[in-house]
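Here are the chains, one letter per residue:
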Amino acid sequence: MHKKERTLAIIKPDAFESKCVGQIISVIEKAGLEIINMRLLRLSNNEASEFYSEHKSKPFFPDLIEYMTSGSVAVIELEAYNAVNLYRDILGATDPSKAAEGTIRKLFASSKQRNAAHGSDSTASAERELQFFFG
Ligand code: AMP
């Protein structure tokens, strides 16, 4: 049986710099995802490190934390049937050069790091990540 599901989107600092936050939200809404909750914030070092703790051992981790704390982010709780996969489809591949046409990352990202937005990769991650930002 189909059930409505929730997922977490983060609009990253590069999207604020390039002033395409509104356009990204528009792509999300046009895909049929409903905005349930949204906060604008600046992540602290500790918050970013905890959020990305699974990448702690990766070589790109220090740069990732520096970048994610460099400016505003918007954290957004989204709802739809099959929200996790639906949002990941419109988000596109981590590397924008590999992202499909029309996806958020193809349209607005500039590199693997500065890739415009984040999306939970599973329903379990979505639950953990939504708890992290919205309690
Ligand atoms: P993920 O948990 O897969 O969403 O990855 C978290 C974030 O880490 C990505 O959205 C990128 O901003 C960054 N990232 C992942 N892989 C790389 C990489 N190979 N080089 C630089 N940044 C990366």
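You'll find the structure just up there.
Residue positions are given per chain, counted from 1 along the sequence in the order it is written. Local features are withheld for residues below a pLDDT of 70 in this predicted model, meaning they are given only at 70 or higher, and side-chain atom pairs are given and counted only at 80 or more; totals for whole chains, interfaces and linings count all residues. Here the side-chain values reflect all heavy atoms present in the structure, with hydrogen atoms and water set aside.

**Structural notes on the nonpolar core**
Then, number 1: Ile 11, Ile 24, Ile 28, Leu 33, Tyr 87 and Ile 104 are the most contacted members of the largest nonpolar core, which has 22 residues in total.
Then, number 2: A run of H or I in DSSP counts as a helix once it spans at least four residues, and a run of E counts as a strand once it spans at least two, with each numbered from the N terminus. Going through the elements one at a time, strand S1 (4-11), helix H2 (21-30), strand S3 (73-81), helix H5 (83-91) and helix H6 (104-108) are the ones with two or more residues in this core.
Then, number 3: The contact criterion used throughout is that any non-hydrogen atoms of two residues lie within 4.5 Å. Look past the residues within four positions of Leu 33 in its chain and what remains in contact with it is Ile 28, Leu 78, Glu 79, Ala 80, Ala 83, Leu 86, Tyr 87 and Ile 90.
Then, number 4: Counting 16 residues, the second-largest nonpolar core is a separate cluster that includes Leu 41, Tyr 52, Ile 65 and Tyr 67. We call a set of buried Ala, Val, Leu, Ile, Met, Phe, Trp, Tyr and Cys residues a nonpolar core when their side-chain atoms join them within 4.5 Å. Each residue gets one of three labels from its accessible area relative to the maximum for its type: buried under 20%, exposed over 50%, partly exposed in between, using a 1.4 Å probe on protein chains only.

**So, the pattern of salt bridges**
Then, number 1: Here, a salt bridge means any side-chain nitrogen of Lys or Arg that lies within 4 Å of a carboxyl oxygen of Asp or Glu. Evaluated as defined, the whole model comprises five salt bridges.
Then, number 2: Arg 6 serves as the salt-bridge partner of Glu 79, at 2.8 Å between the closest nitrogen and oxygen. One end of the pair, Glu 79, is in strand S3; the other, Arg 6, is in strand S1, and 73 residues separate them in sequence.
Then, number 3: Judged by relative accessible area, Arg 6 falls into the partly exposed class, the value being 35%.
Then, number 4: Counted as one network, the salt bridges with shared partners bring together Arg 6, Glu 77 and Glu 79.

**Re the environment of Glu 47**
Then, number 1: In this fold, Glu 47 is placed in helix H3 (residues 45-51).
Then, number 2: Between the C-alpha atoms of Glu 47 and Phe 133, which are 86 residues apart in sequence, the distance is 9.7 Å.
Then, number 3: Residues contacting Glu 47, with those up to four places away along its chain left out, are Arg 42 and Phe 132.
Then, number 4: Counted as a polar contact is a pair of N or O atoms within 3.5 Å, where, for protein atoms, one must be capable of donating a hydrogen and the other of accepting one, and residues adjacent in sequence contribute only when both atoms are in side chains. A polar atom in the side chain of Glu 47 sits 2.9 Å from the backbone nitrogen of Ser 44.

**Focus: the site of the ligand**
Then, number 1: Close to the ligand lie Lys 12, Tyr 52, His 55, Phe 60, Leu 64, Thr 94, Arg 105, Lys 112, Gln 113, Asn 115 and His 118, which account for all nearby residues.
Then, number 2: A distance of 3.3 Å is found between an oxygen atom of the ligand and a backbone nitrogen or oxygen belonging to Lys 112.
Then, number 3: Separating an oxygen atom of the ligand from a backbone N or O atom of Gln 113 is a distance of 3.1 Å.
Then, number 4: Here the shell around the ligand is built from residues that sort into three nonpolar, five polar and three charged. For this purpose, a residue is taken to be near a molecule or strand whenever a single non-hydrogen atom of the residue falls within 4 Å of it. Residues are grouped as follows: nonpolar covers Ala, Val, Leu, Ile, Met, Phe, Trp, Tyr, Cys and Pro; charged covers Asp, Glu, Lys and Arg; every other residue, Gly included, is treated as polar.

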